[in-house]
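Topology and contacts: notes
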Amino acid sequence: MIYLSQLLGNPVLDANGERIGVVNDLGIATREVFPRVTSLAFQGPGKTPFMISWRKYVETFDETEVRLAVPATDIRFSYLQPDEVLIARDLLNKQIVDTRGMRVVRVNDLKLSDTSSSQLRLLGAEVGVRGILRALSPAFERLVMRASHAMGHDIPERIIAWNYMDLIDRDLSSVKLSVSHQTLDDLHPADVADIIEQLDPRLRGQVFAQLDDAQAAEAMAELDDDEMAARIMDNMEDADASRMLSEMDPDDAAELVGELDYERAEKLLRLMGINEQRAIRQLLGYKDDTAGRIMTSEFVSVPRETTVAEVAERMRALPDDFEPVNYVYLTDADERLCGVVPVRRLFVSEPDVSLSDLASDDDVLTAKPDDDQEDVAQDIAKYNLLAMPVVDEKSGKVLGIVTVDDALDVMEEEHEEDLRIAGGTANSSDSETNSGDLMRFLRNEMWFFFWMAVAVVLAIALGPDTGVAVAFAAPVALVAAVEMVRFVTNFFLEYDEDDEDAPSVPGFAVKSIAMGVLWAAIVMLVCAAANGVVSGATEGLGAIVFQLLRGFEASVAAVVVTFVLAPIYLLVLRRRDEQGADTSGLALQVVALVLAVVVFVGVALALVTPVLG
């Protein structure tokens, strides 16, 4: 076995031992399961690039040199063929798609296998740390490997076989990567979307360029990040973007169009067909985060007198990309919804049976177009539905349906939003896992860093000894600020503003102020107990205790102010939620800590400075 990093830069010698250049790259024939090295690219005198046939001219090779079978004067140069790629140029240090692990990785080295004295084949890409170490120095790699083995932690190779690699950094649309190669075209749209989200922004458009309109539409609908989808759409040609929107389900297309600026959205809509444009515009007429915005207009409704045979015939005529049909909705003479029949009942019923005889006697569960999307999603989960009809309140007609997959998306979005407000994270990617411990510490113990800042400020203002003694009590105020934010966010997440059972803002204010007063009272009791120590203490100890007490008094003031402001935080959260704006609990925590620091430092300086003066 040999690696590309061990060949690059090695001298190229002709049959007479004369040095004619250094190895610059290797060309491979991509049509094979394990591609054969077909070309040797080397840099000659004056940095002139040359390329020759590997099979015809290379006699031997190793980690130190490549020797040719003929003198330099007998060499005939060649060119890269349409089905060939240069592996250093096109693969090394590039992002590739691991189609087996459904992830994006970076190639750190390439592993080669010699099948004869002169023939090489590419086995796969090294995407682990060993490739990085080897590129720095093979000797350094061996040293690190020995050290890790001695500590009982061997570093394994991380090789992705060629037939599980897909290239995305060059336009290789005319190249068949391998005989049994699994490409992006073969992956599920959700997997393609996951891969796109991992890519560098400049490469995302290249991935979409490899997919046809239907595949691109399905992958776009699976993207979790709406802003990312809008940026990709902005970079597409108008005709391509419009065709892709036409291929998407109306609700997914409306959600994406809603992220675009007005002029761009109107331009794309005008390029679409009349029916697709009408369906999207209808959904865009509803407010964000409502049932009307996430419903799809693709459903099956028939008069209640329709027979099983008739509805089956109608369903057979539906296009292949029609929304999956789980229910048939029955209407009366005025086209008002009057019943629902699960599709599974059609399969066990006689063809001439009327659907009105199959409809459930229970009341039909429906939603109104202005209902909150989270409430609709929760009802779908509560009653184990696959879809819920959205009905016009005045006419009683079915406007569309909210499907279970859209309900799951809504619940996932709401969960991620709750995590952000609570100061958590919804990102569990590998990149974050590597630094997760540090980030969790920074997020959960942020007050510690503010404490250090308080100590520095007070040490400068009051002197090192006095400043540090006063700052000793600062954690009381800082931890109170963190707990206040948690109290507010938990209340916000638990109680909806529109719920009848939700406590009022004045009631919340009373409760939060009471908590602040209780917290402050406990601190004051500690101060009172410590006051008794001062009189009997020595002069030096008495001064220290005096400074500590002033610090705790400053903490009391900061705690009270912190909890008095709690209702304002709640109102901010609710107003931003109404506007559809995301609010990070981490940001709230920073604001609360900053205010606590300002109050603590201000009161501490006011109490201690006159005494020192």
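In this text, all values refer to a predicted model and were calculated from it rather than measured experimentally.

1. Digging into the overall build of the protein chain
Each helix and strand in the protein chain was counted, giving 28 helices and 19 strands. Residue burial in the protein chain is summarised as follows: out of 613 residues, 44% are buried. For the protein chain, the accessible surface area stands at approximately 31500 Å², while carbon and sulfur atoms represent 54% of it.

2. Comments concerning the side chain of Glu84
With respect to the secondary-structure elements, Glu84 resides in strand S8 (residues 84–86). Arg36 provides the closest opposite charge to the buried, unpaired Glu84, separated from it by 7.0 Å. Within the structure, the side chain of Glu84 is placed 2.9 Å from the backbone nitrogen of Gln81, a separation counted as a polar contact. Each residue touching Glu84, except ones within four places of it in the same chain, is listed here: Ile28, Ala29, Thr38, Ser39 and Tyr79.

3. Brief notes about the environment of Gly124
With respect to the helices, strands and loops of the structure, Gly124 is situated in strand S12 (residues 120–126). The class of Gly124 is buried, set by a relative accessible area of 0%. Sequence-wise, Gly124 and Ser113 are 11 residues apart; in three dimensions their C-alpha atoms are separated by 9.7 Å.

4. A look at the pairing of strand S15 (residues 300–303)
Consecutive residues of a regular strand have side chains that alternate between opposite faces of the sheet. By the bridge criterion, four bridges tie S15 to strand S16 (residues 327–331) in an arrangement that is parallel. From the neighbouring strand, Ser301 faces S16, where its bridge partner is Tyr329.

5. Points about the side chain of Arg134
The topology assignment puts Arg134 in helix H4 (residues 129–136). Overall, the relative accessible area of 2% leaves Arg134 in the buried class. Of note is the side chain of Arg134, whose polar atom sits 2.8 Å from the side chain of Asp109.

6. Looking at the pairing of strand S3 (residues 19–29)
With nine of its 11 residues buried, S3 lies for the most part within the structure. As defined by bridge partners, strand S2 (residues 11–13) adjoins S3 across three bridges and the pair is classed as antiparallel. Directly across from Leu13, in S3, lies its bridge partner Arg19. When S3 meets strand S4 (residues 37–43), the two strands line up antiparallel, connected through six bridges. Bridge pairing in S4 links Val22 to Gln43. Of the strand pairs in this sheet, S3 and S8 are connected by three bridges, and their pairing is antiparallel. Bridge pairing in S8 links Gly27 to Leu86.

7. Comments concerning the packing of helix H11 (residues 250–257) against helix H13 (residues 274–284)
Remark: H11 packs on H13, axes separated minimally by 9 Å, with the N-to-C direction vectors making an angle of 65°. Viewed along their axes, H11 and H13 form a crossing whose handedness is right-handed. Each of Pro250, Asp251, Ala253, Ala254 and Val257 in H11 lies in contact with H13, whose residues at this interface are Ala279, Ile280, Leu283 and Leu284. Each residue belonging to the contact of H11 with H13 can be placed in one class, and the counts come to eight nonpolar, no polar and one charged.

8. Section: the packing of aromatic side chains
Scanning the entire structure with this criterion turns up 12 aromatic pairs. Centroid distance Phe448 to Trp451: 6.3 Å. Interplanar angle 85°. Geometry classified as edge-to-face. Of this pair, Phe448 and Trp451 both sit in helix H22 (residues 446–462), three residues apart, which is roughly one turn of the helix. These aromatic residues form a ring-pair network of at least three members: Trp447, Phe448, Phe449 and Trp451. Its end group placed over the ring of Tyr3, Arg134 keeps NZ or CZ at 3.6 Å from the ring centre.

9. Description of a nonpolar patch on the surface
A contiguous nonpolar patch, built from Val129, Ile132, Leu136, Phe140 and Leu143 and spanning about 480 Å² of accessible area, is present on the exposed surface. Listing elements by their share of the nonpolar patch, those giving two or more residues are H4 and helix H5 (138–150). For Ile132, the location among the structural elements is in helix H4. Residue class for Ile132 comes out partly exposed when judged on its relative accessible area of 44%.

10. Describing the packing of H22 against helix H24 (residues 474–494)
Any two packed helices are characterised by the angle at which their axes cross and by the distance between the axes. At a minimum axis separation of 10 Å, H22 and H24 run at an interaxial angle of 145°. Pair H22 / H24 crosses with right-handed handedness. Facing Trp447, Phe450, Trp451 and Val454 of H22, the residues of H24 in contact are Ala474, Pro475, Leu478, Val479 and Val482. Residues of the contact of H22 with H24, tallied by class, amount to nine nonpolar, no polar and no charged.

11. Things to note about the sheet that holds S15
Sheet architecture is open: three strands sit in the order S15-S16-S17, paired in mixed fashion. Each edge of the open sheet carries a strand with a single partner, namely S15 and strand S17 (337–342). Put simply, the sheet's adjacent strands are angled 30° from each other on average, direction ignored. Packing against the sheet, helix H15 (residues 308–316) makes contact with S15 and S16, and its axis sits at approximately 145° to S15.

12. With respect to the pattern of salt bridges
Here the structure, examined in full by the defined rule, presents 18 salt bridges. Between Glu305 and Arg304 there is a salt bridge, with its nearest N and O atoms 3.9 Å apart. Judged by relative accessible area, which is 37%, Arg304 ranks as partly exposed. Three or more residues are tied together by salt bridges with common partners; here these are Asp109, Arg130, Arg134 and Glu141.

13. Quick look at the confidence of the model for the protein chain
Looking at the protein chain as a whole, its pLDDT mean stands at 80, while 81% of the residues score no less than 70. For the stretch residues 425–436, pLDDT sits under 50, and the model shows seven contacts to residues farther than four places along the chain or on other chains.

14. Re unusual backbone geometry
Phi at Glu335 is positive, roughly 65°, even though this residue is not glycine. Examined against the element boundaries, Glu335 turns out to sit in the loop between S16 and S17.

15. Side note on the nonpolar core
Counting residues in each nonpolar core, the largest one holds 55 residues, and the members touching the most others are Phe208, Met220, Leu223, Met233 and Leu245. If you tally residues by element for this core, the top one is helix H9 (residues 226–234), at five residues. The contacts of Met220, once residues within four sequence positions are left out, are Phe208, Ala229, Ile232, Met244, Met248 and Leu256. Counting 39 residues, the second largest nonpolar core, distinct from the first, contains Phe450, Val454, Phe487 and Phe508.

16. A look at the environment of Leu136
As for its position among the elements, Leu136 is in helix H4. When its relative accessible area of 62% is taken as the criterion, Leu136 is described as exposed. Each C-alpha atom, one on Leu136 and one on Ser5, is 9.1 Å from the other, the two residues being 131 residues apart in sequence.

Cut-offs and rules
Residues numbered from 1 in each chain as written. Predicted model: local features only at pLDDT ≥ 70, side-chain atom pairs only at ≥ 80, totals over all residues. Heavy atoms only, no water. Helix = DSSP H or I, 4+ residues; strand = E, 2+ residues; numbered from the N terminus. Buried < 20%, exposed > 50% of the residue type's maximum accessible area, 1.4 Å probe, protein only. Areas by Shrake-Rupley, 256 points an atom, 1.4 Å probe, with all protein chains shown as cover. Lys, Arg positive; Asp, Glu negative; His and termini not counted. Salt bridge = Lys/Arg side-chain N within 4 Å of Asp/Glu carboxyl O. Polar contact = N/O pair within 3.5 Å; in protein donor to acceptor, adjacent residues only side chain to side chain. Contact = heavy atoms within 4.5 Å. Pairing = 2+ DSSP bridges. Axes fitted to C-alpha atoms, helices over the stretch in contact; angles between N-to-C directions. Left-handed = near helix turned anticlockwise from the far one by under 90°. Nonpolar A, V, L, I, M, F, W, Y, C, P; charged D, E, K, R; others polar. Phe/Tyr/Trp six-rings, centres within 6.5 Å; stacked < 30°, edge-to-face > 60°. Lys NZ or Arg CZ within 6 Å of the ring centre and 35° of its normal. Patch = residues over 30% accessible without salt bridge, like charges linked within 9 Å, V, L, I, M, F, W, Y side chains within 5 Å. pLDDT = per-residue confidence, 0-100. Core = buried A, V, L, I, M, F, W, Y, C linked by side-chain atoms within 4.5 Å.

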